[in-house]
Number of protein chains: 2
Amino acid sequence: MKTETRKEEIVQTAAKLFKEKGYSAVTMRDLAKAMGIKAASLYNHINSKQDILKDIIISLAEEFTQGMQLIKSSEATSIEKLKKIVSLHIHITSRNPNGMASLNNDWMHLEEQKHHYIQLRHRYEDDFRQIINEGIKSNEIKKSNSDVMLFSMLSTLRSLYLWIPKKEDLNTETLSQNLSEVLIDGINK
Amino acid sequence: MKTETRKEEIVQTAAKLFKEKGYSAVTMRDLAKAMGIKAASLYNHINSKQDILKDIIISLAEEFTQGMQLIKSSEATSIEKLKKIVSLHIHITSRNPNGMASLNNDWMHLEEQKHHYIQLRHRYEDDFRQIINEGIKSNEIKKSNSDVMLFSMLSTLRSLYLWIPKKEDLNTETLSQNLSEVLIDGINK
DNA sequence: TTATTAAACTAACGCTTGTTAGTTTATTTG
DNA sequence: CAAATAAACTAACAAGCGTTAGTTTAATAA
């Protein structure tokens, strides 16, 4: 029986290298060296370089989709839903920041799954936007440009993969509260 | 006498391709095809692929450095300085969004200039942080986590290159006001 | 007209890429 | 012990990479 853990080691190591230099700049020989083996040996565990990227990205994309479904269908005010989105990003990212780098920066190198990924991302953004618009309708959120709000929140949440690993001893609950406060209430006194 | 404009066409075309696929995934043959010539012909105008990347990134990095110096030395409140930083990012990015993609995503593929770039970026972040901290001291800005504030603002500003080209008919002054409002006052009513 | 020059071309180079085939080694299972 | 299996290895491949050398073409300057 194949030990699935060796493959996962390879995928995790690949994610780390992809974060540092991007998918295209990482060679199978780089990856092999990082694993302490020869490049050809990698193929006892994985099908192709492409397949590694797919493994990294698609599972994360589906985690976000699933999380968003739960938030959408929850009984909560719009502001509470936004806080849950912040928390979702922080929890997924802190578990796998390297993979999040690929999700953000290397999705265009997907092949068969690229269309699927783009679809999931668009649906996610649409759900996010709708929550903001509902908040505007219900007078919870300012009636200014909702596209700017969506853009600003998403940009920040998508950059978490760069920031979370630098603050190792940071409690994710505290971060979630701090970040929600800044994103929702601003910085002005 | 060499016409400098042909080289600039190549650099601009390269920036566009680098934005779409990243520096490493763009070959000189891709770039040549986009210019309607053969790969070897590119070398009548440029020294190397590396050199194109350097041209794109370093000039932009120095624009930011220069802009930050002006803001630092200006007579303005901390909040006003932050608004000027927002405006700086929007103006530089709207002039050259493709180049900003390389600045954000391909800087690690610089060679001799990588250290210089990293230095400029650190100084920029330090100046940014100091403006926030001064605002906290002078009671203009909330006394919550200033690292979170810096991270959130910078993440949003660094993502502008993805967003500005999608909103072509957008007035940069209006955008600057809207974005400053969201970043500084939040979205909460 | 002749000389100069900008900007394209063809052909090729040495190197690196992802990947395959076939083999060896060491551990686990019947 | 024998058989099976996981996981490494060596060697090699065809294709693609950035880049160079030398040449041709067409427009401009003397």
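Participant: How should the layout of surface pockets be read in this particular structure?
Facilitator: Rolled over the atoms, a probe sized like a water molecule indicates the empty space that remains. All names here are of chain A. One number sums up the size of the second largest pocket: a volume of about 210 Å³. Together, 14 residues line the second largest pocket, and Val11, Gln12, Asp55, Ser59 and Asn96 are the ones closest to its centre. Considering each element in turn, the lining of the second largest pocket owes the most residues, 6 residues, to helix H1 (residues 4-21). Here the lining of the second largest pocket is composed, by residue class, of 5 nonpolar, 3 polar and 6 charged.

Participant: Please clarify how the pattern of salt bridges should be interpreted in this entry.
Facilitator: Any two side chains of opposite charge can pair, given that their charged atoms come close. All names here are of chain A. For the structure on display, the rule yields 20 salt bridges over all chains. Aspartate 126 is the salt-bridge partner of arginine 129, the closest N and O atoms lying 3.2 Å from each other. In this pair, arginine 129 and aspartate 126 are both assigned in helix H7 (residues 114-137), 3 residues apart and thus about one turn of the helix distant. Take arginine 129: its relative accessible area is 26%, and that puts it in the partly exposed class. We classify aspartate 126 as partly exposed; its relative accessible area is 44%.

Participant: Please explain the packing of helix H4 (residues 49-72) of chain A against helix H5 (residues 78-95) of chain A as it appears in this structure.
Facilitator: What describes two packed helices is the angle between their axes and the distance between those same axes. Residues and elements named next belong to chain A. Closest axis-to-axis distance for the H4/H5 pair is 10 Å, and the angle between their directions is 155°. Considering their axes alone, H4 and H5 lie roughly antiparallel with respect to each other. Relative to H5, H4 is oriented so that their crossing is right-handed. Contacts from Leu60, Glu63, Phe64, Gly67, Met68, Ile71 and Lys72 in H4 reach Lys81, Lys84, Ile85, Leu88, His89, Ile92 and Arg95 in H5. Partitioned by chemical class, the residues of the contact of H4 with H5 number 7 nonpolar, 2 polar and 5 charged.

Conventions used here
- Residues numbered from 1 in each chain as written.
- Chains lettered and ligands numbered in written order.
- Predicted model: local features only at pLDDT ≥ 70, side-chain atom pairs only at ≥ 80, totals over all residues.
- Heavy atoms only, no water.
- 1 Å grid on protein atoms, 1.4 Å probe; cavity = no way out; pocket = protein on both sides within 12 Å on 5 of 7 lines; lining within 4 Å.
- Points joined across faces, edges and corners; volume = space filled by probe spheres on them.
- Helix = DSSP H or I, 4+ residues; strand = E, 2+ residues; numbered from the N terminus.
- Nonpolar A, V, L, I, M, F, W, Y, C, P; charged D, E, K, R; others polar.
- Salt bridge = Lys/Arg side-chain N within 4 Å of Asp/Glu carboxyl O.
- Buried < 20%, exposed > 50% of the residue type's maximum accessible area, 1.4 Å probe, protein only.
- Axes fitted to C-alpha atoms, helices over the stretch in contact; angles between N-to-C directions.
- Parallel < 35°, antiparallel > 145°, perpendicular 65-115°, else oblique.
- Left-handed = near helix turned anticlockwise from the far one by under 90°.
- Contact = heavy atoms within 4.5 Å.

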